[in-house]
Amino acid sequence: MKFAYALIVIAAAMLAFVVSRNLDESVTHGHSLTLAVQRPGGAGADSKADIVEAFAQSRHVNIGRLSYDPLNNSIRRIYLAVGDPQAASAQWLATGYPNFSRDTKVQIRPYEDVAESGPDGTYFVYGPKSMTFELSNEFQALGYVVFVEPKFSVLNAIQASGTKALVWCFLVVGLVVAVSVASAVALNAKSYGVQRLHGQPFAAILWRDFRQLGPFFAGAVIATGSITAGSLYLYNGLQQFTTFARIAMSITAVFVLVALLAHLTTLTMVHRSPIVDAVKGEVTATWAIIGSYVLRVWSALLIFSIGTSAIASAMELQRQADTHRFWTAMGEAYYMRISGAVLNPVDGKIAQSRIGHWIREADIRNEISVASRQILPGTTRDALVVNPNYLTMHAVYDADAARVQVNDGKTIRVLLPSRYARESEEITAGVARWVESQDGRELKSDPAAIDVALTLARDSQSQFHYAATTAPHASLIVEEPIVVVVPGASNVITDTEYFTMATNQEVLIENPTQAVKGLVAAGVGHYILGMSPYVEDAAANYRNAKRDLAVQSINVLVGLSVLLATAISVSIVYFRRNSQTIFVKYISGWGFLATHWRLLSIEVILGLALTLWIWQNTAVILRGQGPPGAPPTDLGDLFLDGWQPAVAGGVALLSLLMIVVTLLIANAKFARARMAELS
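Residues numbered from 1 in each chain as written. Predicted model: local features only at pLDDT ≥ 70, side-chain atom pairs only at ≥ 80, totals over all residues. Heavy atoms only, no water.

Visitor: I'd love a proper account of the overall build of the protein, names of residues and values included.
Guide: Along its length, the protein carries 20 helices and 16 strands. Total accessible area computed for the protein in this model is approximately 32,600 Å², and 60% of it derives from carbon and sulfur atoms. (Helix = DSSP H or I, 4+ residues; strand = E, 2+ residues; numbered from the N terminus. Areas by Shrake-Rupley, 256 points an atom, 1.4 Å probe, with all protein chains shown as cover.)

Visitor: Any details on the packing of aromatic side chains? Residues and values, ideally.
Guide: The tally for this structure, following the rule as stated, stands at 19 aromatic pairs. Ring plane angle 75° and centroid distance 5.6 Å describe the contact between Tyr-5 and Phe-217, whose orientation is recorded as edge-to-face. Of this pair, Tyr-5 sits in helix H1 (residues 2-24) while Phe-217 sits in helix H8 (residues 202-236), and the two are 212 residues apart along the sequence. On the numbers, 4.8 Å between centres and 70° between planes, the contact of Phe-326 with Trp-327 is edge-to-face. There is no split in this pair, since Phe-326 and Trp-327 are both buried. An aromatic cluster is present here, built from Phe-326, Trp-327, Tyr-335, Tyr-390, Phe-464, Tyr-466 and Tyr-534 joined pairwise through their rings. Geometry around Tyr-542 places Lys-546 over its ring, the cationic atom sitting 4.7 Å from the centre. (Phe/Tyr/Trp six-rings, centres within 6.5 Å; stacked < 30°, edge-to-face > 60°. Buried < 20%, exposed > 50% of the residue type's maximum accessible area, 1.4 Å probe, protein only. Lys NZ or Arg CZ within 6 Å of the ring centre and 35° of its normal.)

Visitor: Just give me the short version of the side chain of Gln-374, but keep the residues and values in it.
Guide: Tracing the sequence through the fold places Gln-374 in strand S8 (residues 368-375). A polar contact of 3.2 Å, which involves the side chain of Gln-374, links it to the side chain of Glu-497. Ignoring anything within four residues of it in the chain, the contact list for Gln-374 reads Ala-383, Val-385, Trp-434, Glu-497 and Met-501. (Polar contact = N/O pair within 3.5 Å; in protein donor to acceptor, adjacent residues only side chain to side chain. Contact = heavy atoms within 4.5 Å.)

Visitor: Can you break down the nonpolar core residue by residue, with the values?
Guide: Ile-8, Val-173, Val-177, Val-181, Ile-251 and Phe-255 are the most contacted members of the largest nonpolar core, which has 44 residues in total. In terms of residue count, the dominant contributor to this core is helix H6 (residues 164-187) (12 residues). Not counting residues up to four positions away in its chain, the partners in contact with Val-181 are Met-1, Ala-4, Ala-259, Ala-262 and His-263. The next biggest cluster of nonpolar side chains, apart from the first, holds 40 residues, and it includes Leu-376, Ile-482, Val-524 and Tyr-527. (Core = buried A, V, L, I, M, F, W, Y, C linked by side-chain atoms within 4.5 Å.)

Visitor: Give me the lowdown on the pairing of strand S14 (residues 482-485), citing residues and values where you can.
Guide: On S14, burial covers both faces: Ile-482 and Val-484 on one face and Val-483 and Val-485 on the other are all buried. Relative to S14, strand S9 (residues 382-386) is paired through four bridges, and the arrangement is parallel. Following the sheet pairing, Leu-384 is matched in S14 by Val-483. Taken together, the three bridges between strand S10 (residues 412-417) and S14 define a ladder with antiparallel strand orientation. For Val-414, the partnering residue across the bridge sits in S14 and is Val-484. (Pairing = 2+ DSSP bridges.)

Visitor: Hey, could you go over helix H12 (residues 348-364) for me, with residue numbers and the actual values?
Guide: Here H12 contains 17 residues, and its C-alpha end-to-end distance of 25 Å stays within 8% of the 24 Å for a straight helix at 1.5 Å per residue. Where H12 is concerned, the buried positions are Gly-348, Ala-351, Gln-352, Ile-355, Gly-356, Trp-358, Ile-359, Arg-360, Ala-362 and Asp-363. Downstream of H12 by one or two residues, Asn-366 has phi in the positive range, about 60°. (Expected span 1.5 Å × (residues − 1).)

Visitor: Give a detailed account of a nonpolar patch on the surface, specifying residues and quantitative values.
Guide: Together, Val-297, Leu-301, Ile-602, Leu-606 and Trp-613 line one region of the surface with nonpolar side chains, adding up to about 390 Å² of accessible area. Of all elements in the fold, only helix H11 (286-330) and helix H19 (592-623) reach the threshold of two or more residues within the nonpolar patch. Sorting elements by how many residues they give to the nonpolar patch places H19 first, with three residues. Within the secondary structure, Leu-301 sits in helix H11. (Patch = residues over 30% accessible without salt bridge, like charges linked within 9 Å, V, L, I, M, F, W, Y side chains within 5 Å. Salt bridge = Lys/Arg side-chain N within 4 Å of Asp/Glu carboxyl O.)

Written out as C-alpha cells, the structure is:
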C-alpha cells in the first residue's frame, strides 16, 4: 500500500511539471483577468493608446497588451504600460518574463513601442479584478465591444494542457493506485480478521491503517517536494513555483481521493467475509476472483489502447522529424497569417480579393511558391497544383530523367507519371475541367479548348506539400502526384482561390519583409497578422511529438505494472482459495499444466477473445462497413495500417506470460511453505 502513496506524490510532481510547462507555452501568467477588445466604435487608435497609459498612471496599475512577432508567430510580446513601478510585472522590463518552460518565448516591451494595428486586441491587467472592470468600462465608453475573460484556474490549466497521452497518464496512474491499494487491503485480510476477532470495529480498523500510512505519506511528500524544488531550481530558477505547487497539490488530492475510495470499498468487502476464513488468511469470497479478473481484463484493454497510441506516437515522431529536416534545409520559408477580420461580411470580401490579387502579382514576379493539393474532376488521381517558381525550388524530372525547367508563357503544364500514360486523355480532360471550374462557370462541352500541355514524368517521384506542417498525422510528402504547373499570368487561379491557398498555408513566401510592405501598400496591411517561418511550426510539432512519445512510453511502463499487479493478485487469490486442492495435487505428483489448467484456460480464452474482437473491428473498418444506420467508418482509425490485431495478440501473449510466471513463483513458494509445515 505504501507503494501506491509513493507513486501518488511522484506522479503528481511529474504530471504537474508537464501541465505547468504546456500551460506556460500557451498562456501568460501574473494578471488577474483578460480583456478582449473588439470592433471599434467612434474612437480612434490614438484614443485607445492614450486611455491605456492614462488609466495605468491614474490607477497605479500595470496593463499589458498581447501581440506577436510579425515574422515569428511563436514569439509572444507583451507591451507593458507601467503605473506601479514596484509591482513584480514592472520588473519584467528589466529582468524578462519569468518563463516556467525553457521553450516559452515571451518578450516584454514598453507600451510606447506597440505597433498600432487597429483597436482590436487582448489586454492584461496586473492588479485587482476591479481594475479590469474599470478599464472595460473606459473602453466601452469610447464605443468598443469588450469581453472580460477569467483567469485560468487549476482545472482550466489541466484541461488546456491535456493531450491524449497526458489524459492516458492520469487514467493509468489512477488505475495503478486503485489496484495497488485494493490488492494490499485484500491480501491483508488475515490481519483484519485478527483485529475483528479482538472486537475492533470497522472505524477503528480503518483509522489504524491511516495512522500507519500517515508518517510514510508525509515523509514521501517532503522528500519528493525537496527533490522537485531542487530540480526546478536548476531548470528554471523556481519561476512560477506557486502555480506549479497548486497544480501538484490538486493532482495529489485527486489521486489520494482515489486511494481512499479504493481502501474504503475493499475494506468494506473484506469486513463482510467470515472471521474464521479471514483469520486463516483464506479469501474465499467469489467477489475476490471476479474483481481481480475485471481489473485484469480492463488492464489488458488499457495496455492495448496505450500500446497502439505509443506506436502511433513513434510513427508521428518520425514524420515530424522528416518534416523538420525538410523545412530546416529549405531555409527562408514563411507563410502568411491572416486576421479573422477578413470574414467580416461588410468589407471582408474586398479584403480577400485584394490579398489574393497581391499573391497573384507576387506569383508573376516569382516571389512566392505555391503547392496545393486538388481534386481533378472525373479522375481518381492525386494532383498537386504548383506555380512555375515551385519547379526552381523542388526538382521534378521528366521521363528521360532530365529536370523539368521553367517555361515562360501562360500554358498549363501537366507532368504525368509515365505509369499513367494510358490515362493521359482522361487526365488532360480533368485538368481542363478543373481550370474551367476555377471561376465558377459551367463546364464547357469541349475541355480540349483549354491550353494544356502534357509531359510524361519519371515514375516513383514524390513531391512536397506545404500545408501538411500543421495537419496531424498528415504526410508532408505526396507520392507520385500529377503535377499541374499553373503560371500566375494565365489568370486561371482566381484571386479568391489564391486567398484560400494562403489561409491553408499553401503559399510559401521567401522575403517576408518585402511581402508585408507590399500588402500594406495594397491597403490590406491591417488584415495581415504577420509572417511565420514554416521551420518554427515544424520545430514545435517535432518537440511536441517527442514529448508525446515520452509520456506514452511512461504510460506503457505503468500499464505493464498494472497488468503485472493484477497477475500477482489473481495468483495469490487463486492459491489462497484453492490451497487444499493444489497441495493434494502437488504431493500426488501432478505437473504445472495439469494443476493449473483451468486458470490458464481462462487466460487463453480471454486473450483470444480480445484478439478476435480487435480483428473483427479492424476488418469492418477495412471493408468500410458497419451496422445498419451507422455513420461511415473513418480510415484514419487505421493509423497502424490494419495491424491492430497483431498488437492485441502481443498483449494477450504478454498477459499469459505474466500469469504463467507469477503462477510458477507462487507455486514454488506455496510448495516450500507447506512442506515446511509438515516437517
